[in-house]
Amino acid sequence: DAQRGHGPYIPSWVEVAGAVLILAGFAATVPVFRANSFAAPVVRVQDERGQYVVDTGPYALVRHPMYSAALLYLVGVPLLLGSWYGLIGTALIAIGIAWRASKEENLLKRDLAGYGASRASVSWRLAPYVWGTRLAPCSVPIHPTALPSAPRRPLPRFCPPRARPPPPPPGSPP
């Protein structure tokens, strides 16, 4: 866009930031493949290889770290190339990735033993505090001396889910 004079000017620091995002995205893919040897372009449970739920490395933070890494370099490419308009395509691809992640989770929950429990322990799909499955409103009380004119009621905000206590052992009183 900007190279051909058809779009707005892109500052050099934005192009450098794009290059950094591309490098970060590719670098973030390495620990994904180290942690998950079952990663493949086709979503299916690999019973013949004894597939199991991976919950270490980047999978301990988000459920789809490879897609997270892909989003980093997909944002970086149009920035490096000086194309604000390219970010529109990136947004469309991001929507497609989100849809695919959701469908992938449904398949894994149905066909991969233990995925439901892992999903309950790792709340975030692509990025912490951005997209999760159990975002629930919680409250942060306002200290009365901090804002004297503020109402003395909690302000709603979104926070990470709290861990649930384990169920009581069988036969114990409720």
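This text goes with the structure placed above it.
Below is a summary of the structure that appears in this document. (Residues numbered from 1 in each chain as written. Predicted model: local features only at pLDDT ≥ 70, side-chain atom pairs only at ≥ 80, totals over all residues. Heavy atoms only, no water.)

**Structural notes on the packing of aromatic side chains**
Inspection of every chain in the model, using the stated rule, returns two aromatic pairs. Each ring, one from Phe 26 and one from Tyr 73, has its centre 4.6 Å from the other, and the planes form 10°; the classification is stacked. Of this pair, Phe 26 sits in helix 1 (residues 12-35) while Tyr 73 is found in helix 2 (residues 65-80), placing the two residues 47 residues apart along the sequence. According to the relative accessible area criterion, Tyr 73 is partly exposed, its value standing at 24%. Between Phe 38 and Tyr 52, the ring centres sit 5.2 Å apart and the planes meet at 90°, which makes this aromatic pair edge-to-face. In this pair, Phe 38 sits in the loop between helix 1 and helix 2 while Tyr 52 sits in the loop between helix 1 and helix 2, placing the two residues 14 residues apart along the sequence. (Phe/Tyr/Trp six-rings, centres within 6.5 Å; stacked < 30°, edge-to-face > 60°. Helix = DSSP H or I, 4+ residues; strand = E, 2+ residues; numbered from the N terminus. Buried < 20%, exposed > 50% of the residue type's maximum accessible area, 1.4 Å probe, protein only.)

**Side note on the layout of surface pockets**
Using a probe with the size of a water molecule, rolled over the atoms, empty space left in the structure can be pinpointed. What the largest pocket holds in volume is close to 510 Å³. Along the wall of the largest pocket there are 27 residues; nearest its centre are Asn 36, Ala 39, Tyr 59, Glu 104 and Leu 108. The element that contributes the greatest number of residues to the lining of the largest pocket is helix 3 (residues 86-111), accounting for four residues. By residue class, the composition of the lining of the largest pocket is 18 nonpolar, five polar and four charged. (1 Å grid on protein atoms, 1.4 Å probe; cavity = no way out; pocket = protein on both sides within 12 Å on 5 of 7 lines; lining within 4 Å. Points joined across faces, edges and corners; volume = space filled by probe spheres on them. Nonpolar A, V, L, I, M, F, W, Y, C, P; charged D, E, K, R; others polar.)

**Regarding the pattern of salt bridges**
Counted under the stated rule, the structure contains five salt bridges. Residues Arg 63 and Glu 105 are paired through a salt bridge, measuring 2.8 Å at the closest nitrogen-oxygen approach. Of this pair, Arg 63 sits in the loop between helix 1 and helix 2 while Glu 105 sits in helix 3, and the two are 42 residues apart along the sequence. The class of Glu 105 is buried, set by a relative accessible area of 1%. We note a salt bridge from Arg 110 to Asp 111, for which the minimum N-O separation is 2.9 Å. If you follow the salt bridges from partner to partner, you end up with Arg 63, Glu 105, Arg 119 and Arg 125 in one network. (Salt bridge = Lys/Arg side-chain N within 4 Å of Asp/Glu carboxyl O.)

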